[in-house]
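# Coordinate inspection notes
Here are the chains, one letter per residue:
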Amino acid sequence: MSEKGKHSSRFFLGLMTISMFLLIISSTFLLQFNNNYLIPSSVFKAIIVNNTSVYFTPNTNTHQNKLHLLSSVPTPDYTKKPIIGQTGPCQSNRKGPVLKVCDKNQAVLRVYLYDLPPEFHFGLLGWKGKSHQIWPDISSPSQIPSYPGGLNLQHSMEYWLTLDLLSSNNPNIIRPCTAIRVNNSSQADIIFVPFFSSLSYNRHSKVQKGEKVSVNRVLQEKLVNFLINRDEWKKLNGKDHLIVAHHPNSMLSVRRKLGSSMFVLADFGRYPIETANLDKDVIAPYKHVVRTVPIGDSAKFEDRPILVYFQGAIYRKDGGAIRQDLYYLLKDEKDVHFAFGSVRTNGIKGAGKGMSSSKFCLNIAGDTPSSNRLFDAIASHCVPVIISDQIELPFEDVLDYTEFSVFVRGSDAVKKGFLLNLLRGINREKWTKMWEKLKQIEHHFEYQYPSSSGDAVSMIWEAISRKVSSVRFKLHRKNRYRWTQSLIRIKNGF
């Protein structure tokens, strides 16, 4: 072969080598940046956006890879259509792909659920299963009893949490991998006690004819006897148990006996600090009773003719006396609606209409520091004005309420002219910024079944997880010298 031919062969060989190298590099680049499913799912978990935990759902369709949390309603998910119900659960879309059950090692919280008899939970809703059936068939919406409407709904937290746990092992129900039910208590982060305590109080707290004590009292005593005799309770004296007692009068006769457990509450207004406190307990939002205003229908600043709105009971005891003072200060102002109101005669519908037509909605302390009005205001995109010095707020460790609410001390609110001058001084730009934030965070206060990322159910589980870590930390510190002290006692013959 001539010298010229040799040079040509070497040139083409080198050119082919370089081309193959560039092809491999470009292919690798495209695979890494165009396929979300190549990224481990753990990378998507527990990402903090705007101070709130959110989750990405890895999937093979890039147009589906969207945040579910930051809009006022869940971003459309083409594999399910969760519907926010006012009185009961709704069915997920079964036409989508069947997903695998959430891995207990990937879940935010592993929960052991006591199989209490139905009289403690769904039996209170009139549900009767077949012989020895403890739980309704949650895969069939017609088999799930609806929660009673009206003001009963505002304290229905245990209902939604229980449904969520029961569905966590069902591959046909699409939900976030927040909490998962485990079958062995030794694998659990928390042990859930499924007693519908608020419903028990609302429906069965009065002694009926022929009874010596109320059904509510009987159920509470039965529950105490059940728990204190369980090995799970004895292990840590109930510190790893979770009890929902959202109504301020629920669990009233036994709350001190079970005070070592973690409570899910509305506030601490009727609890001694040694029984309930922020160190161990979780504050959950009420379920709002007015309808959520769709974002497209939410009135802007200039389309809300009422400056300040309040409707409800005015003459209250304890810290609620401030309502009466404010009533006499504000009742004659032309752009203020401050009136008595109740759930009767279309009260809920009227309140929803009034709030959605108002710039500011008052949330004033009543018999207890909290009330459902705060969450009705959020659902109406009416900027809450919180006048309750002792209030504790849900998820305040991850949500900054000052971004969408106005806080006023009770002592300042009752000064003549103070409140109205303050609110009239908030201009359109400042109000609109809070209004936009309300539309972004309202999803955190929606209860629904199945649950979705960032809704009230998921947020409560995440709050419990954070509290579990704190409680576990304190237990570990307390037990530092437990082993060595036991050796010393053995050595000394004790």
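The paragraphs below set out a description of the structure included in this document. In this text the structure is predicted, and so the values were computed from the model without any measurement.

The subject of this paragraph is the overall build of the chain. In terms of regular secondary structure, the chain is built from 14 helices and 13 strands. Taken over 494 residues, the chain has a buried fraction of 49%. Long-range pairs, those at least 24 residues apart, make up 67% of the contacts in the chain with a sequence separation of at least 6.

Let's shift gears to helix 5 (residues 215-228). Residues lying three or four places apart along an α-helix face the same way, a consequence of the helix completing one turn every 3.6 residues. Between its first and last C-alpha, helix 5 extends 20 Å over 14 residues, near the 20 Å set by a 1.5 Å rise per residue. Taken together, the buried positions of helix 5 are N216, L219, Q220, L223, V224 and L227. Axial view of helix 5: buried residues confined to an arc of 140°, hence all on one face. Against strand 5 (190-193), helix 4 (197-204), helix 6 (231-236) and strand 6 (241-244) lie the buried residues of helix 5.

Below, the discussion takes up the sheet that holds strand 4 (residues 179-182). Judged by pairing direction, the sheet is parallel, and its six strands sit side by side in the order 4-3-5-6-7-8 without closing on themselves. In this open sheet, the two strands that pair with only one neighbour each are strand 4 and strand 8 (282-283). Of the strands in this sheet, strand 3 (109-113), strand 4, strand 5 and strand 6 touch helix 3 (residues 157-167), which is tilted by about 65° from strand 4.

Taking strand neighbours across the sheet as the criterion, the five strands line up as 10-9-11-12-13 in an open arrangement whose pairing is parallel. Since the sheet does not close on itself, it has two edges, and those belong to strand 10 (336-339) and strand 13 (406-407), each with one partner. Pairing geometry for strand 12 (residues 383-387) and strand 13, over two bridges, is parallel. Residue V385 lies in a different strand from strand 13, and its bridge partner there is V406. The sheet contacts of helix 8 (residues 347-356) involve strand 9 (306-311) and strand 11 (358-364), and relative to strand 9 the element is tilted by about 155°. Contacts from helix 12 (residues 428-441) reach strand 11, strand 12 and strand 13 within the one sheet, and its direction differs from that of strand 12 by about 95°.

Let us now look at the packing of helix 3 against helix 13 (residues 456-478). Where helix 3 meets helix 13, the closest approach of the two axes is 10 Å, and the angle between their N-to-C directions is 85°. On the basis of their axis angle, the class for helix 3 and helix 13 is roughly perpendicular. Here W160, L161, D164 and L165 of helix 3 lie close against helix 13, whose contacting residues are V457, I460 and W461.

Moving on, we get to the pattern of salt bridges. Under the criterion given, the structure shown has 17 salt bridges. With its nearest N and O atoms 3.3 Å apart, the salt bridge here joins K222 to E119. Here E119 lies in the loop between strand 3 and helix 3 and K222 lies in helix 5, a separation of 103 residues in the sequence. For E119, a relative accessible area of 34% gives the class partly exposed.

The topology assignment puts A351 in helix 8. On the basis of relative accessibility, which here comes to 16%, the residue A351 falls in the buried class. A sequence separation of 39 residues divides A351 from G312, and the C-alpha atoms of the two residues are 9.2 Å apart. If sequence neighbours within four positions are ignored, A351 has contacts with V290 and Y309.

A few words now on the state of the cysteines. The tally for this structure, following the rule as stated, stands at two disulfides. A disulfide bridge connects C102 with C177, and the sulfur atoms are separated by 1.5 Å. Taken as a pair, C102 in the loop between strand 2 (52-54) and strand 3 and C177 in the loop between helix 3 and strand 4 lie far apart in primary sequence, 75 residues in all. Judged by its relative accessible area of 15%, C102 is buried. For the chain, the disulfide bridges join cysteines in the arrangement 1-2, 3-4, where the cysteines are counted in sequence order.

Membership of the largest hydrophobic core comes to 109 residues, with the highest contact counts inside it found for F338, L362, W461 and I464. If you tally residues by element for this core, the top one is helix 13, at eight residues. The next biggest cluster of nonpolar side chains, apart from the first, holds six residues, and it includes Y309, A351, C361 and A377.

A few words now on the pairing of strand 6. A two-sided burial pattern is seen for strand 6, the buried positions comprising H241 and I243 on one face and L242 and V244 on the other. Of the strand pairs in this sheet, strand 5 and strand 6 are connected by three bridges, and their pairing is parallel. Bridge pairing in strand 6 links I191 to H241.

Cut-off values and rules
- Residues numbered from 1 in each chain as written.
- Predicted model: local features only at pLDDT ≥ 70, side-chain atom pairs only at ≥ 80, totals over all residues.
- Heavy atoms only, no water.
- Helix = DSSP H or I, 4+ residues; strand = E, 2+ residues; numbered from the N terminus.
- Buried < 20%, exposed > 50% of the residue type's maximum accessible area, 1.4 Å probe, protein only.
- Contact = heavy atoms within 4.5 Å.
- Expected span 1.5 Å × (residues − 1).
- Arc of directions from axis to C-beta.
- Pairing = 2+ DSSP bridges.
- Axes fitted to C-alpha atoms, helices over the stretch in contact; angles between N-to-C directions.
- Parallel < 35°, antiparallel > 145°, perpendicular 65-115°, else oblique.
- Salt bridge = Lys/Arg side-chain N within 4 Å of Asp/Glu carboxyl O.
- Disulfide = S-S within 2.5 Å.
- Core = buried A, V, L, I, M, F, W, Y, C linked by side-chain atoms within 4.5 Å.

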